[in-house]
Every structure is written in C-alpha cells, then in structure tokens.
Amino acid sequence: MSNHRTTLVLLAFCAAVIFITGCIPEDSLEWSEDGSVGLLRAEGVLYIVDGKTGELTEVAKGDIGLLPDISRDGKLVAYSEKIDCDSLSKGLGLLPPGQVKMIKYYAEKTKKNILDARGLVGEEFPFPEEGLLLPEDYRNWVIRYLCENADNELLDVLGSEDIERGKEEAISYFQVVIAPSKSPIPKRIVTVSVFSIMASRLSPDSKSVAYLMHTQEGEVSNAYQEFGLYIASLETDIKAMYVDSSVAFGYDWRKDGKSIAYLSADSKNMLHDDFILGTLSEKMVLDTDGGLLAKPADIPERGSAGTHRCTGKTTELAGTVFYPWFKVEYGLDNRIFFSSFDLPLPVSKRDEAGCSLFCYDPVTAAVADILPLSVSSYTGQQILSISLFSLSPDGKRVLLPIKHNRFIIYTLGTDSLEIPIPEEEGFGEEEIPELPPSWKGNNEISFLVSGKSKFLPEPKEGEDQDDREQIVVLGTDGKSRILSENWSDEINTDSQDNQ
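Rules and cut-offs
- Residues numbered from 1 in each chain as written.
- Predicted model: local features only at pLDDT ≥ 70, side-chain atom pairs only at ≥ 80, totals over all residues.
- Heavy atoms only, no water.
- Helix = DSSP H or I, 4+ residues; strand = E, 2+ residues; numbered from the N terminus.
- Buried < 20%, exposed > 50% of the residue type's maximum accessible area, 1.4 Å probe, protein only.
- Contact = heavy atoms within 4.5 Å.
- Axes fitted to C-alpha atoms, helices over the stretch in contact; angles between N-to-C directions.
- Parallel < 35°, antiparallel > 145°, perpendicular 65-115°, else oblique.
- Left-handed = near helix turned anticlockwise from the far one by under 90°.
- Nonpolar A, V, L, I, M, F, W, Y, C, P; charged D, E, K, R; others polar.
- Pairing = 2+ DSSP bridges.
- pLDDT = per-residue confidence, 0-100.
- Salt bridge = Lys/Arg side-chain N within 4 Å of Asp/Glu carboxyl O.

**Points about the overall build of the protein**
1) Next: Per the secondary structure count, the protein includes eight helices and 31 strands.
2) Next: Out of the 499 residues belonging to the protein, those deemed buried represent 58%.
3) Next: Considering only contacts in the protein between residues 6 or more positions apart, those separated by 24 or more positions represent 58%.

In structure tokens:
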C-alpha cells in the first residue's frame, strides 16, 4: 500500500473530514433476504415486523444500540443494549476477565494518585490520564471498585463521606443479545462489556456475530470515536475476538462467512488530525473446518477489552480517505462495494471533496467508480447519504439515499435509475434520512414518506389531511401499500415536527 500514500495525502487535504459533524440515523428497518421478516428500531424500541401484514412484535425497549441486525433467513435477530447495573459484584461476574483486570488495575492507579495527593483533587477522584476507562461511564466502575474495597490506608485519607459517595456512582454495561424472530423469548446474551457496543452483524450461517466496540481513550460523545471490530461465537467460549481497530460502521461478512471486509483508519488520533488515511481490508476469520481463527488474548497488566485475537490473514485491498460512516458490502462473485471520497488529480485547494460508490474486483484487483453521471449528479456531495447505500439481495441494483428522505434505485452497469419520491415531496433534514430505504427481497423496497405523499390515499371529503409519516412498501410492478398504517403514533413520527 505504500505506493498509494503520496497520492492519498494529496487528496486528503481537500476532504478535511470532521468527525464531530453528522451521524447515522437512529431508526432503521432491515429485512430478511426474502423480505418475509423485518427488524425495526424506532424511538429506542426494537420490533419484529411481519412482511405481509405489517404486524409488530416487540423485542426489546430501553437503551438499544444503533444498527441491529436480522439474519438472512430471518430466523434470528442480533442487537446491543445498555443495562444499568445495581451490583458491582454481579457486574464483575459478567464481564470478561481482561476487563475485570483493567478495572482493578486502574483502581490501584487511582488509589495511588489519591494517596499522593492526600485526598481527592478538586473534589474528584484523580483518575489516571491515559487508558480505555477514561470516559465517565466507564471510570465509575473503577471508582465503585475502589470504594467498595477500600482499606484502612485509603479510609484514613478520604474518610467515610467520600467513600460512600464513590459507592453511589452509577455503573452500566453493554451486551450483545441474540433472539429468535418468531418468539423473541428466550433471549440469549452472547457477550458483555464495559465498553459501548453497536452495529451487530450475524454471520451468514448464524454461528457467530460481529460487532463494533468502543475502545478509544477519551470521552464518549455523539461524535464518532474509535470502534474496534470484534466477533463472538454462538457455539464456543469466544466472546470478544479482536479483528481490527478504528473500523467504520459499515463492515460486511462475505457470502460464505469466511471473511469480513471493512474500512479502517490508519491514524490513531482521529479527533485531532485534519484528515485520516484509510484502508479497505479483507480479513479471514474462519478456518477450513468453519471455526473462528482465534487464539486467547495475552492479557497485559492493565487488562484488555477482548478475550481473543483473530489469527486470520489480512489483505489490504485499496487505499482511501477514512470517514467513520462509510460502508462496505459484498456483491456478486465476492466483489466488494464501498463508499468513499472521489477526487481527481491534479486538484486545487478550492476543489470540494466529492464522494461516490466504488467496486473492488477480486479477480483483477482493480477499483472502479460505478456510478454514471446521471446518478452521481445527485449523490456527489451527499457524504452521509451515500454511506447508506444498500445492494439488492441478488446484487443487481442499489439503493442510494439523497436529500430530504428521497432515494435513487440504480440498476448496476446501466444508465437506468428511478427516483420514486418526487422533489416536492421531500421532507425532513437535508442530509440525514429519518429512516433509510431498505430492500424487502429483490422486488420490493420499504421507505418513509411524508403525510402528503402521493403514496398515501387522499383524505375523504370533509376530513383534514393526516400529516403522519408512513412506511410504504413499493414493488417493481409499481404497486404500493402502507406497511405502517395500523402502527401507533409513538412509532410513526409526525412529519410536521421535522419540516
């Protein structure tokens, strides 16, 4: 990859990626490959959706992580959730040994700082300045452990009042849950972590689940920070196999489940660099017998986030500029589609960074921009929207969100494109769709429309226009139906609130 670096540096200064702006939509609707079962995340609640009737079955509610997943056959769902923990001892019993060791290690460091300072510093526990447990939600585990296991030496310096205050610090953990779609109970907890988790992805054979786990030193905020890619087995004791760090949210399993493709950042200082170089990589994760290529992690003195490390070969396929919301998806014949910045050379400092959809061909090892001008004229400056592209199950077409909750249906390798929602019916924020469109099998698409959409029936005489947004299913035959017609107002938001 070194021969690409000089070119990429010349391109990257124009991209000037700012990670604290923009975020992916919180709500999502994903379907099984045949479109018979869906998984809806709406207003912090997770539902199974019957593809024919639209009937909803609640799976979970509370602090549900972004980007849950449904298996290709529609039988299982995977999601992450945050759980408040009322007992330190119970919580420590759930966490991986490496994370427990980390908590104990930083408790000792914090204790030393307290003894050296002869008390708290500015009425705060003097936590070490480095380490994965710096964010407040994480460091509370350390404070609780320190205070609940306080010895006489610590008591002499702090006193009972500060110790009791430390014991009251709130702690929580995150877990990846697997549930059957036909009956969401019983649920199965696959892995537990101090660190926040999102973007769960079931393997094609549903024997493993990949997920992103926050493992960057620093405060957690709405900004994207570093998420590492991990895998847990549903059949063995492998609960957190580390794959790579600084991974963008849109990774994907290869169709045979043997590899994972993803975009990762080369820099380890994402919040301070003006631009971040990145790499499109493919990593082998299964051996010839179908087992995860994992070995137990060497846990250092300060502990570790994962339990295992992936020993599979990593192949770097292409160099790019990293953006945390970019996406990767496998297509036909293991071609890898990915969103990225698109800049010509030579380039001036006045040129704006565009973006497009690219394809890596594993046979020729070539990368090609696959969007014709008729499509890129809509998507060229839509950095976040193009990150939400979605291939049809047969790999022949792609959904591309555009401004104001509209989208393009593009047939790959042609000049054929459709824009079902006319411009005058666009609504909501310009860049971030409220609910990205999704494939419901090969011949249907589900998407959100405003209350004034042509896809909704005209009000009866004497009745006012219903401004409630609705989820519509549109077929290739041009026929449409309202999927969310009988859903409660708590699920369907009012379009007037977003205009």
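**Remarks on the packing of helix H4 (residues 136-148) against helix H6 (residues 160-167)**
1) Next: The N-to-C vectors of H4 and H6 enclose an angle of 135 degrees; their axes lie 8 Å apart at closest approach. Considering their axes alone, H4 and H6 lie oblique with respect to each other. Between H4 and H6 lies a crossing of left-handed hand. The residues of H6 that touch H4, namely those facing Ile143, Arg144, Cys147 and Glu148, are Asp162, Ile163, Gly166 and Lys167.
2) Next: Partitioning the contact of H4 with H6 into residue classes produces three nonpolar, one polar and four charged.

**Some words on the environment of serine 183**
1) Next: Structurally, the position occupied by serine 183 is in the loop between strand S8 (171-180) and strand S9 (188-193).
2) Next: Expressed as a C-alpha distance, the spacing of serine 183 and lysine 75, which sit 108 residues apart in the sequence, is 9.6 Å.

**A closer look at the sheet that holds strand S25 (residues 397-402)**
Each strand in a sheet pairs with another by means of backbone hydrogen bonds, the pair being arranged parallel or else antiparallel.
1) Next: Pairing in this open sheet of four strands is antiparallel, and the strands run S24-S25-S26-S27 from one edge to the other. Pairing within the sheet leaves two strands with one partner each, and these edge strands are strand S24 (390-391) and strand S27 (417-418).
2) Next: Bridging between strand S26 (residues 406-411) and S27 involves two bridges; their strand directions are antiparallel. Within S27, the position partnered with tyrosine 410 by the bridge is leucine 417.

**Let's talk about the confidence of the model for the protein**
Predicted coordinates in regions of low pLDDT should not be interpreted in detail.
1) Next: Here the protein shows a mean pLDDT of 87. Residues at 70 or above account for 86%.
2) Next: Below pLDDT 50 for its whole length, residues 218-224 participates in 21 contacts with residues either more than four positions away or in separate chains.

**Overview of the pattern of salt bridges**
1) Next: This model, assessed by the stated rule, comprises 14 salt bridges.
2) Next: Residues aspartate 137 and lysine 82 are paired through a salt bridge, measuring 3.4 Å at the closest nitrogen-oxygen approach. Taken together, the positions of aspartate 137 in helix H4 and lysine 82 in strand S7 (residues 76-85) put the pair 55 residues apart, joining distant regions of the chain.
3) Next: We classify lysine 82 as partly exposed; its relative accessible area is 25%.
4) Next: The closest approach of N and O atoms between lysine 111 and aspartate 151, which form a salt bridge, is 2.5 Å. Of the two residues, lysine 111 sits in helix H3 (residues 97-117) while aspartate 151 sits in the loop between H4 and helix H5 (152-158), which places them 40 residues apart along the sequence.
5) Next: The buried category is assigned to lysine 111, whose relative accessible area is 13%.
6) Next: Relative accessible area serves as the criterion here: at 33%, aspartate 151 is assigned to the partly exposed category.

**Here's the deal with the environment of glutamate 423**
1) Next: Considering the arrangement of structural elements, one finds glutamate 423 in the loop between S27 and strand S28 (438-439).
2) Next: For the pair formed by glutamate 423 and asparagine 405, sequence separation is 18 residues and the distance between their alpha carbons is 9.8 Å.

**Overview of the side chain of serine 200**
1) Next: For serine 200, the location among the structural elements is in strand S10 (residues 197-202).
2) Next: Apart from residues lying up to four places away in sequence, serine 200 is in contact with Leu67, Pro68, Asp69, Ala78, Tyr79, Ser80, Val176, Val209, Ala210, Tyr211 and Tyr251.

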